[in-house]
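# Reading the structure
Residue-level listing of the chains:
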Amino acid sequence: MKYLLSLAVCMFMGICAAQTVLLSENFASGLPVEWEVQTDGKRAWEFKTFRDASYMQMSAYAGKGKKGLKVKSTLFSPLLDLPGKQCSLRFSMANAFANGKPLRILLYTPKKTPSLEFANEHFETLIDNPDFYNNIYKESDWIPMPIVSEPRYLAFVYDTHKVSATTTLQIGEVDVWCVEVAQPESDALSADEDDLVENG
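Procedures and definitions
The numbers attached to residues start from 1 for each chain and follow its sequence in the written order. Local features in this predicted model are restricted to residues of pLDDT 70 or higher, and side-chain atom pairs are both shown and tallied only at a pLDDT of 80 or more, whereas totals for entire chains, interfaces and linings draw on every residue. The basis for every side-chain value is the complete set of non-hydrogen atoms in the structure, without hydrogens or water. When two cysteine sulfur atoms are found within 2.5 Å, that pair is recorded as a disulfide. Here a strand is any run of E in DSSP of at least two residues, a helix any run of H or I of at least four, and the numbering for each starts at the N terminus. With a 1.4 Å probe rolled over the protein chains alone, any residue whose accessible area is under 20% of its type maximum counts as buried; one over 50% counts as exposed, and the rest are partly exposed. We call a set of buried Ala, Val, Leu, Ile, Met, Phe, Trp, Tyr and Cys residues a nonpolar core when their side-chain atoms join them within 4.5 Å. Contacts were defined at the residue level, with two residues in contact if any of their heavy atoms lie within 4.5 Å. The pairing criterion for strands is at least two bridges between them, as found by DSSP. Working definition: rings of Phe, Tyr and Trp (its six-membered ring) pair if their centres are within 6.5 Å, and the pair is stacked with planes under 30 degrees apart, edge-to-face with planes over 60 apart, and tilted otherwise.

### Section: the state of the cysteines
Under the defined criterion, the tally for this structure stands at 1 disulfide. Across the disulfide from Cys87 sits Cys178; the S-S distance is 2.0 Å. In this structure the cystine formed by Cys87 and Cys178 twists about its S-S bond by roughly 105 degrees; its chirality is therefore right-handed. In this pair, Cys87 is assigned in strand β6 (residues 85-96) and Cys178 in strand β12 (residues 168-180), connecting sequence segments 91 residues apart.

### Observations concerning unusual backbone geometry
Positive phi is not limited to glycine here, since Phe97 has a value of about 50 degrees. Within the secondary structure layout, Phe97 lies in the loop between β6 and β7 (103-108). Given the relative accessible area of 34%, Phe97 is considered partly exposed. Even without glycine at this site, Lys112 takes up a positive phi of about 65 degrees. Residue position: Lys112 is located in the loop between β7 and β8 (114-118).

### Here we look at the nonpolar core
One finds Trp45, Phe91, Leu103, Leu154, Phe156 and Val174 to be the most contacted residues of the largest nonpolar core, which totals 33 residues. When residues of this core are traced back to their parent elements, those giving at least two are β4 (53-58), β5 (72-80), β6, β7, β11 (152-159) and β12. In terms of residue count, the dominant contributor to this core is β12 (5 residues). Look past the residues within four positions of Phe156 in its chain and what remains in contact with it is Trp45, Ser73, Thr74, Leu75, Phe91, Leu103, Arg104, Ile105, Ile171 and Val174. Formed by 6 residues, the second largest nonpolar core is a distinct cluster that contains Phe76, Tyr153, Ala155 and Val157.

### Concerning the pairing of β11
Within β11, 8 of the 8 residues are buried, which leaves the element mostly enclosed by the surrounding structure. Going residue by residue along β11, you find Arg152, Leu154, Phe156 and Tyr158 tucked away on one face and Tyr153, Ala155, Val157 and Asp159 tucked away on the opposite face as well. Sheet topology places β5 next to β11; 7 bridges connect them, and they run antiparallel. The residue bridging Leu75 from the neighbouring strand is Phe156, located in β11. As paired strands, β7 and β11 are joined by 6 bridges and run antiparallel to one another. The partner of Tyr108 across the bridge, within β11, is Tyr153.

### Remarks on the side chain of Ser92
Among the secondary structure elements, Ser92 is positioned in strand β6. Sequence-distant contacts of Ser92, that is, excluding residues within four places in its chain, are made with Tyr137, Lys138, Glu139, Gln170, Ile171, Gly172 and Glu173.

### With respect to the packing of aromatic side chains
How two aromatic rings sit relative to each other is set out by the distance from centre to centre and by the angle between their planes. Per the stated rule, a full pass over the model turns up 11 aromatic pairs. Measuring from centroid to centroid gives 5.5 Å for Phe97 and Phe132, while their planes differ by 85 degrees, and the two rings are edge-to-face. A residue pair is termed long-range when its members are at least 10 positions apart, and Phe97 in the loop between β6 and β7 and Phe132 in the loop between β8 and β9 (138-139) qualify at 35 residues. With centroids separated by 5.4 Å and ring planes inclined at 85 degrees, the aromatic side chains of Phe97 and Tyr133 adopt a geometry described as edge-to-face. Here the residue Phe97 occupies a position in the loop between β6 and β7, and Tyr133 occupies one in the loop between β8 and β9, the gap between them amounting to 36 residues. Three or more aromatic residues link up through ring pairs in this structure, and these residues are Phe76, Tyr108 and Tyr153.

Structure (structure tokens):
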């Protein structure tokens, strides 16, 4: 499996160099201590299991006949040593009762301020199940990450302040794979600007 992942990243990047697995988390043992959840509202990302699946789940569902909650909950990865590396992100996700797309994926500075937001076209098609839980985990494509001059947190943000939704999201695995490159003097994008969206 690791070989196939490495080969896929190699083909995607067009650089068949030695791969560094910067992050590989499947939440099999719960939420690692290096990860963090911050929430503004009455719901938060939480660790759950079902049969053989382990995942982080979030929903804005408030109960039958009730309006969905207005909430912003952020799941932070450990601080990632991104400087000097060309990295790509891939994650798997299941969903249920989909009635909107409240997921945002961002990078945050070491001081936990937003730095950059990934275009949702990379993952919005993963939110596609308006029915009951089916526990079908789908993988995103490898998403190019920026080349930066200092470490960054990866953040999965469930936000219903701008999108009215109660969709249940379940993140099953998160991988960040990298190859070494020359470190920039200041932050630079490693992908076309069309692929990444600056966060104001």
